[in-house]
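Examination of the molecular architecture
The primary structure of each chain is shown beneath.
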Amino acid sequence: MILHTIIFYLFSGITIASALMVISSRNPVHSVLFLILAFFNAAGLFVMLGAEFLAMMLVVVYVGAVAVLFLFVVMMLDVDFAELRQGFLQYLPIGALIGVVLLAELVIVLSGWAFAPEVLANPVQAIPDMTKVTNTEAIGRLLYTDYIFFFQTAGFVLLVAMIGAIVLTLRHKPRVKRQNIAEQVGRTQKVDLHSVEPGKGI
Amino acid sequence: MMDLATFPSLAPFLPELVLAVGALVLLMVGAFGGERSTPLVTTLAVLLIAVAGLVLLFKAEDGVTFGGAFVLDPFARFMKVLALIGSGFAIVMSVNYSKREKIARFEYPVLILLATVGMLLMISANDLIAAYLGLELQSLALYVVAASNRDSVKSTEAGLKYFVLGALSSGMLLYGMSLIYGFTGHTQFESIASTLATGPIPIGVVFGLVFVISGIAFKVSAVPFHMWTPDVYEGAPTPVTAFFAAAPKAAAIALFVRVLLGSLGPAAADWQQVITFIAIASMILGAFAAIGQRNIKRLMAYSSIGHMGFALVGLAAGNQSGVQGIIIYMAIYVAMTLGAFAVILFMRRKGQMVEEISDLAGLSRTHPVIAFIFAMILFSLAGIPPLAGFFAKWYVFLAAIEAQLYVLAVIGVLSSVVGAYYYLRIVKIMYFDEPAGAFEPMPGELRFVLGLSGVFVILFVFFAGPLGQAASVAAKTFF
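Summary of the structure given here. Quick caveat: nothing in here was measured; it's all calculated off a predicted structure.

**Looking at the overall build of chain B**
When helices and strands are counted, chain B shows 19 helices and four strands. Here the C-alpha atoms of chain B give a radius of gyration of 21 Å, agreeing with the 23 Å that 2.2 N^0.38 yields for 479 residues. Oriented by its inertia axes, the alpha-carbon framework of chain B measures out at about 65 × 60 × 40 Å. Among the 479 residues that make up chain B, the fraction classed as buried is 65%. A separation threshold of at least 6 residues defines the contact pool for chain B, and within that pool the share at least 24 residues apart is 80%. Taken as a whole, chain B presents about 16400 Å² of accessible surface, with 70% of it coming from carbon and sulfur.

**Looking at the packing of aromatic side chains**
For the structure shown, the criterion picks out 29 aromatic pairs over all chains. An angle of 85 degrees between the planes, with centres 5.8 Å apart, marks the rings of Phe149 of chain A and Phe70 of chain B as edge-to-face. Residue Phe149 of chain A is found in helix α8 (residues 148-169), and its partner Phe70 of chain B is found in strand β2 (residues 70-72); the two belong to separate chains. Here Phe149 of chain A matches Phe70 of chain B in class, with each residue buried. Aromatic side chains Tyr175 of chain B and Phe211 of chain B sit 4.8 Å apart centroid to centroid with 75 degrees between the ring planes, which places their arrangement in the edge-to-face category. Taken as a pair, Tyr175 of chain B in helix α6 (residues 153-184) and Phe211 of chain B in helix α8 (residues 203-219) lie far apart in primary sequence, 36 residues in all.

**Comments concerning helix α2 (residues 38-58) of chain B**
Residue and element names in this part refer to chain B. Over its 21 residues, α2 runs 30 Å from end to end, which matches the ideal 30 Å to within 8%, given 1.5 Å per residue. Listing the buried residues of α2 in full gives Thr38, Val41, Thr42, Ala45, Leu48, Ile49, Ala52, Gly53, Val55 and Leu56. All buried residues of α2 project into a common sector of 165 degrees when viewed along the axis, lining one side. The exposed set on the far side of α2, more than 90 degrees from its buried face, consists of Pro39 and Phe58. Lining the buried residues of α2 we find α1 (14-33), β2, α3 (74-100) and α4 (107-124).

**What about helix α5 (residues 88-111) of chain A?**
With 24 residues, α5 of chain A ought to run about 34 Å at 1.5 Å a step, and its terminal C-alpha atoms sit 32 Å apart, in line with that. Roughly 35 degrees is the biggest bend found in α5 of chain A, and it falls at Ile94 of chain A.

**Description of the pattern of salt bridges**
The tally for this structure, following the rule as stated, stands at 16 salt bridges over all chains. Between Arg141 of chain A and Glu137 of chain A there is a salt bridge, with its nearest N and O atoms 3.0 Å apart. Taken together, the residues span about one helical turn, with Arg141 of chain A and Glu137 of chain A both in helix α7 (residues 135-146) at a distance of four residues. Residue Arg141 of chain A is classed as partly exposed on the basis of its relative accessible area of 37%. The exposure class of Glu137 of chain A is partly exposed, given its relative accessible area of 36%. Look at the salt bridges and you will find they share partners, linking Lys154, Glu157, Lys161, Asp231, Glu234 and Arg298 of chain B into a network.

**Here's the deal with the interface of chain A and chain B**
Interface size is often expressed as the accessible area that is lost when the parts come together. Across the contact, 33 residues belong to chain A and 41 residues belong to chain B. Carbon and sulfur atoms make up 79% of the area that chain A and chain B hide from each other, which totals about 3200 Å². Counting the surface chain A buries against chain B, the share from its top three residues, Phe149, Phe150 and Val167 of chain A, is 20%. Remark: the boundary between chain A and chain B carries one salt bridge. For Arg171 of chain A, the salt bridge is made with Asp151 of chain B, and the minimal N-O distance between the two is 3.1 Å. At the boundary of chain A and chain B, one finds three residue pairs in polar contact (both at pLDDT 80 or more).

**Here we look at the side chain of Gln293 of chain B**
Residue and element names in this part refer to chain B. Topologically, Gln293 is positioned in the loop between α11 (268-289) and α12 (296-317). Within polar-contact distance, the side chain of Gln293 engages the side chain of Arg298 at 3.4 Å. With near-sequence residues (within four places) excluded, Gln293 lies in contact with Arg298, Leu299, Tyr302, Ile357 and Arg425.

**Focus: the packing of helix α5 (residues 128-146) of chain B against helix α10 (residues 238-263) of chain B**
All names here are of chain B. Across the interface, α5 lies against α10 with an axial gap of 12 Å and an inter-helix angle of 170 degrees. One finds that α5 runs roughly antiparallel with respect to α10. Every residue of α10 that contacts α5 at Ala131, Leu135, Gln138, Leu142, Val145 and Ala146 is listed here: Val240, Phe243, Phe244, Pro248 and Leu255. Tallied by class, residues from the contact of α5 with α10 come to 10 nonpolar, one polar and no charged.

**Focus: the side chain of Ser364 of chain B**
Residues and elements named next belong to chain B. Along the chain, Ser364 falls in helix α14 (residues 363-366). The class for Ser364 is buried, based on a relative accessible area of 15%. Reaching out from Ser364, the side chain makes a polar contact with the backbone oxygen of Met430 at a distance of 3.2 Å.

**Things to note about a nonpolar patch on the surface**
On the surface, a nonpolar cluster with roughly 620 Å² of combined accessible area is contributed by Val68, Leu69, Phe72, Val73, Met76 and Leu77 of chain A. Residue position: Leu77 of chain A is located in helix α3 (residues 52-77).

What counts as what
Residues take numbers from 1 onward in each chain, read along the sequence in its written order. Whichever chain is written first becomes A and whichever ligand is written first becomes 1, with later ones labelled in order. This being a predicted model, a pLDDT of at least 70 is required before a residue's local features are given, and a value of 80 or more before pairs of side-chain atoms are given or counted; all residues contribute to the totals for chains, interfaces and linings. The side-chain figures draw on all heavy atoms in the structure; neither hydrogens nor water molecules are used. Helix and strand definitions here come from DSSP, where helices need a minimum of 4 consecutive H or I residues and strands a minimum of 2 consecutive E residues; each element is numbered from the N-terminal end. Based on C-alpha atoms, the radius of gyration is set beside the globule rule, defined as 2.2 Å times the residue count to the power 0.38. Here's how the labels work: a residue is buried when its accessible area is under 20% of the maximum for its type, exposed when over 50%, partly exposed in between, all with a 1.4 Å probe on protein chains only. Whether two residues are in contact is decided by their heavy atoms, any of which lying within 4.5 Å being enough. Each accessible area value is a Shrake-Rupley result obtained with a 1.4 Å probe; residue values ignore everything except the protein chains displayed when judging cover. Side-chain rings of Phe, Tyr and Trp, where Trp is taken by its six-membered ring, are said to pair if the distance between their centres is within 6.5 Å; with planes under 30 degrees apart they count as stacked, over 60 as edge-to-face, and otherwise as tilted. Expected span, for any helix, means 1.5 Å times one less than how many residues it has. Read the arc as the range of directions from the helix axis to the C-beta atoms. Bend angle per residue: angle between axes fitted to the 7 residues ending at that residue and the 7 residues starting there. Note on definitions: salt bridges are taken to be side-chain nitrogens of Lys or Arg within 4 Å of carboxyl oxygens of Asp or Glu. Take the accessible area each of two parts loses on contact, using a 1.4 Å probe, and add the two losses: that sum is the buried area. N or O atoms closer than or at 3.5 Å make up a polar contact, with two conditions inside protein: a donor-capable atom paired with an acceptor-capable one, and, for residues adjacent in sequence, both atoms drawn from side chains. Here, axes are lines fitted to C-alpha atoms. For helices the fit covers the stretch in contact, and angles between N-to-C directions go from 0 to 180 degrees. Our angle categories are set so that under 35 degrees counts as roughly parallel, over 145 as roughly antiparallel, 65 to 115 as roughly perpendicular, and the remainder as oblique. Here the term charged refers only to Asp, Glu, Lys and Arg, the term nonpolar to Ala, Val, Leu, Ile, Met, Phe, Trp, Tyr, Cys and Pro, and the term polar to all other amino acids, Gly among them. Like-charged residues within 9 Å of one another, or nonpolar side chains (Val, Leu, Ile, Met, Phe, Trp, Tyr) within 5 Å, are grouped into patches, provided each residue has over 30% relative accessible area and no salt bridge.

From the geometry alone we can't say anything about function, so treat these as descriptive.
Pasting the structure below:
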């Protein structure tokens, strides 16, 4: 049990520390790498809860796709984050005010938090016996039967996102020369070598 | 746990199914046919919407399906017909414009179709998750079409602005929904209502409903969540603006009604004051901010903010005649908006679209018939009897008085008087100013839309009976 506790504090401690580093590190690439570390540790926490499916999804989706995408964007855009932070002190008072208001709201809501017994008695979905089914199976059953409508609609949302990305960015440039492999293979002319002078071409 | 033998009934879901599958087929047609297939896809999209409408009216059965997440009732049916009409005409009105501006692409009608699927899901949502997914499906497609003229800075700015603010509003909506779910233990609307009816309203639910109202108020562009509207309306291509102003508004108002009356009904005392404030603020801002506008699309944006305020008066009343008023208001609003945008789309001089109000000067001499119909639509927007817009306002104010919201009704009437000023100013410019030169002839499809809208607006007294009856049947759903 002590080992369990130690591992829990290890994971959660690293999660919080790396989350802090995400927002405080100067180099955006380091930020993204710390974000990945935070995801890995959060996945570890999920494993400790017995939710191994969520843990794997977190690694596959967030680390494998989202964080890598972030990394690409950060490296390709070359945004000067130091410059972005310049107005930071100027906006600090109003930002702090909003933060305090939000915190106060959360405290008020959470201190008034009480589960009514009848709410606990009728959850939206009955929790299956975890000794009989793995949680991957439990999620799958729910997703593809009771929640099939939501699942399919979410699929449509993603389809729209895909169409949107293509509509807004794909351009057919007529002057772009593309490689046509069939044409290359089907070349009947003899292949010959030329000595090309630098900067001249054939 | 559900097994295959109890596959959910698809009978209430048929129109959405037709539309969604059809949209996928059209996407394939467009993807394999390339740019040549644009006219074909556009025609088929309009036909598909018509077919979905017929299926909705004659084939779909009332009922609840997908474990209570989806409901088809008379209210949903009425609002869905409105949304389909708005979307169908938006596609029809875009044909000539996109050809002339060289932005014709087959994805446009497909995206409108997918947005329409989202609207229908919103209208039929009977569950918080379903409501959110429908809303997001609709909004995501709208962001894309707002930026569809991607070589224009204004259009891309409109799309980006709409996207960023829309994402913010979705966040608020989700936060509110999670609070409501956390404090009631349900996502399904009837279960939420029955849980809330058992005791005092928990403070978490009050917080949640304020966030949910904020999120949906953004989608209907009610004050104080209206800031995006003028910029997006001005920047987006005009047929897209016409689409934004009609169908999505009807769908979002329907969602508003269903969330507040269907699930948060027991908390009515809490949300009524919020809605009253939003309605008053929208009516006043819509009336005053529109006065200084020179661009007709911006003017229509403020006008739509004001009209949403009037429609919300019915919701603030929260009784059956209020809901009936909202339904009638939205029907008339969609008809008037489509007509007004038919005229705006026709404002083309020397091959260029013009958007200033002063460009309409002397329209009565250059195009007398169009000027007459447009004047009637403007009178109707201002709410002058015996045109359609008067009855729209009459029904919602009547409901407000029935609910003893006298202040709300008085402010409403006063702001509609202020609003009349800027509508009448356009009529004055059309009839009494020196002509600014003729526009290019009006394309056939715009004539058709304008004609239909004009007939509806001018001869509304003859439709008032059947429409009122249908609306009252629809409004009974919640009471």
